[in-house]
Amino acid sequence: KRYQISDSDDIRTSVLEDLEYLVHQFDNAINFVDMGGLQQIVVTAINSSSSSIKQSALHLLGSAVQSNPKVQIAAVEAGLVQSLIRIVAYDSQDGVARKALFALSCLVRGFPYGQQILVQHGGLEVLRKVFDRRDFRTLPLQLKVVSLLHDLLVEREEAEGERLQQLLRLNIYEQLATGGWCPAVSSLLAAASFDRRDRRYDMGAALRNEMPLRPDHDTVDKVIAAMGSMVNVCRYQFYDALPLLRHLAHTYDDLAYKEQFQDNDDGGQALFRSLADMIQRLVKNIGQRSEL
């Protein structure tokens with residue numbers, strides 16, 4: 001009621017933030033839906049002209065639907081999958097698009113019906129087109145897309161019984177092979193391997209086609225994990241990335257070796273060793289091309 005009667009964007013944003021905190025609790029999220037919260041607040045708020053209201057509402061939606069089947073079903077029936085796809089595709093505010101992708105990820109993860117609606121309404125095509133935006137500001141959004149794709153593929157690999165049959169009907173692997181996903185994700189590896197702390201050097205290196213010298217570890221982790229889940233479909237398209245992958249594997253081998261001589265053990269050696277091993281496994285899997 002406070003949200004509906006207020007004409008202040010600041011107050012409405014504050015109310016949305018309070019609600020977001022409350023719907024983390026499973027039963028609260030269901031009560032929010034039963035009281036008409038999706039229609040009366042979320043649907044109207046994500047169409048607001050205020051960027052802060054949009055972002056807060058999208059955060060609220062993501063928190064409400066996360067691992068909550070009843071709320072996920074209600075959100076799908078309210079047409080929110082289509083709304084979120086549209087925001088990711090067309091909203092000019094990077095922060096709004098990222099929040100929409102967060103909400104979309106929470107809505108479809110672990111929810112085959114939501115994934116079906118995503119696919120039916122061209123969601124995968126829209127998400128793939130995010131990689132066509134050639135600017136570094138879009139990199140965080142691209143990485144969120146990569147993480148979502150990886151999670152959907154892992155979910156399919158681990159599914160059993162009826163859930164597996166539901167996911168197989170989505171034909172995600174076929175869409176990856178024909179929808180331009182393979183080169184999109186592998187090209188992101190080169191663009192995303194630069195440390196943001198020295199962007200001017202990195203831009204120059206990219207223009208000269210130099211190998212990145214300062215890999216952003218979290219970014220590399222996300223991209224390599226996604227490539228690993230896609231390799232059976234994308235092996236041939238990933239082949240051109242082998243020189244960069246071998247370079248990164250050598251870099252992380254070297255970092256792991258140096259880290260063991262540091263006085264403080266902050267987990268760096270384990271991280272670098274894990275990344276080196278993961279990259280080497282990917283290199284080996286891609287290299288099977290010559291045996292086929």
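About the criteria used
- Counting starts from 1 at the beginning of each chain's written sequence and moves along it residue by residue.
- At least 70 in pLDDT is required for a residue's local features to be given in this predicted model, at least 80 for side-chain atom pairs to be given and counted, and no such filter applies to totals for whole chains, interfaces and linings, which use all residues.
- Calculated side-chain values reflect all of the structure's heavy atoms, with hydrogen atoms and water omitted.
- UniProt positions are given in the numbering used here, feature names are shortened, and annotations may be inferred rather than shown by experiment.
- pLDDT gives the predictor's per-residue confidence on a scale running from 0 to 100.
- Residue contacts follow a heavy-atom distance rule, with two residues in contact if any of their heavy atoms lie within 4.5 Å.
- Burial classes follow relative accessibility: with a 1.4 Å probe on protein chains only, a residue under 20% of its type's maximum area counts as buried, one over 50% as exposed, and anything between as partly exposed.
- Numbering of helices and strands runs from the N terminus; a helix is a DSSP stretch of H or I covering at least four residues, while a strand is a stretch of E covering at least two.
- Here a Phe, Tyr or Trp ring, Trp counted by its six-membered ring, pairs with any other such ring whose centre lies within 6.5 Å, and the pair is stacked when the planes are under 30 degrees apart, edge-to-face when over 60, and tilted otherwise.
- Charge-over-ring contacts are defined here by two conditions on Lys NZ or Arg CZ: a distance within 6 Å of the ring centre and an angle within 35 degrees of the ring normal.
- Salt bridge, as used here, is a side-chain nitrogen of Lys or Arg placed within 4 Å of a carboxyl oxygen of Asp or Glu.
- Angles run from 0 to 180 degrees between N-to-C directions of axes, and those axes are lines fitted to C-alpha atoms, restricted for helices to the stretch in contact.
- Working rule for handedness: look at the near helix, and if it is turned counterclockwise from the far one by less than a right angle, call the crossing left-handed; if clockwise, right-handed.
- Gly is put with the polar residues, along with every residue not named as nonpolar or charged; the nonpolar set is Ala, Val, Leu, Ile, Met, Phe, Trp, Tyr, Cys and Pro, and the charged set is Asp, Glu, Lys and Arg.
- Polar contact is defined as a pair of N or O atoms within 3.5 Å, subject to the rule that within protein one atom must be able to donate a hydrogen and the other to accept it, and that residues adjacent in sequence are counted only when both atoms are side-chain atoms.

The protein appears in an unreviewed UniProt entry as Nucleotide exchange factor SIL1 from Cherax quadricarinatus. Looking at the Subcellular location (unreviewed entry) heading of the UniProt record, one finds this comment for the protein: "Endoplasmic reticulum lumen". What the UniProt record of the protein gives under Sequence similarities (unreviewed entry) is the line "Belongs to the SIL1 family."

Describe the confidence of the model for the protein, and please don't skip the residues or the numbers.
In this model, the protein carries a mean pLDDT of 87, and residues with pLDDT of at least 70 account for 88%. Low pLDDT, under 50, characterises residues 195-214; the stretch is placed with 28 contacts to residues that sit more than four places away or in other chains.

Please provide a residue-by-residue account of helix α7 (residues 80-90), values included.
When α7 is considered as a whole, its buried residues turn out to be Leu80, Val81, Ser83, Leu84, Ile85, Ile87 and Val88. Looking at the buried side of α7, the elements it contacts are α4 (37-45), α5 (51-65), α6 (69-77), α8 (94-108), α9 (112-120) and α10 (123-129).

Can you lay out the packing of aromatic side chains for me, pointing to particular residues and giving the numbers?
For the coordinates displayed, the defined rule picks out three aromatic pairs. With centroids separated by 6.0 Å and ring planes inclined at 35°, the aromatic side chains of Tyr252 and Phe272 adopt a geometry described as tilted. With Tyr252 in helix α17 (residues 242-259) and Phe272 in helix α18 (residues 268-287), the pair connects residues that are 20 residues apart, well separated along the chain. Both residues of the pair, Tyr252 and Phe272, belong to the buried class. Taking the ring centre of Tyr3 as reference, the NZ or CZ of Arg12 above it sits at 4.7 Å. If you follow Lys99 out to its NZ or CZ, it ends over the ring of Phe102, 5.9 Å from the centre.

With reference to specific residues and values, describe the pattern of salt bridges.
Here the idea is simple: oppositely charged side chains can pair when their charged atoms come close. Inspection of every chain in the model, using the stated rule, returns 11 salt bridges. With its nearest N and O atoms 2.3 Å apart, the salt bridge here joins Asp253 to Arg273. Note that Asp253 is positioned in helix α17 and Arg273 in helix α18, a separation of 20 residues in sequence.

I'd love a proper account of the packing of helix α16 (residues 217-238) against α17, names of residues and values included.
For the pair α16 and α17, the least separation of the axes is 13 Å and the interaxial angle reads 145°. For the crossing formed where α16 meets α17, the hand is left-handed. From α16, His217, Val220, Ile224, Met227 and Phe238 reach across to α17, where they touch Leu242, Leu245, Tyr252 and Leu255. Among the residues making up the contact of α16 with α17, the classes are represented as eight nonpolar, one polar and no charged.

Please provide a residue-by-residue account of the environment of Gln25, values included.
Inspection of the secondary structure assignment puts Gln25 in the loop between α2 (9-22) and α3 (26-34). Separated by 38 residues in sequence, Gln25 and Ser63 place their C-alpha atoms 9.2 Å apart. From its side chain, Gln25 meets the backbone nitrogen of Asp27 in a polar contact 3.0 Å long.

I'd like to hear about unusual backbone geometry, residue by residue, with values.
The phi dihedral of Ser67 is positive, around 55°, even though this residue is not glycine. Relative to the assigned elements, Ser67 resides in the loop between α5 and α6. At Asn171, a position not held by glycine, the phi torsion is positive, near 55°. Within the element layout of this structure, Asn171 appears in the loop between α12 (161-168) and α13 (172-178). Exposure remark for Asn171: the relative accessible area of 36% places this residue in the partly exposed category.

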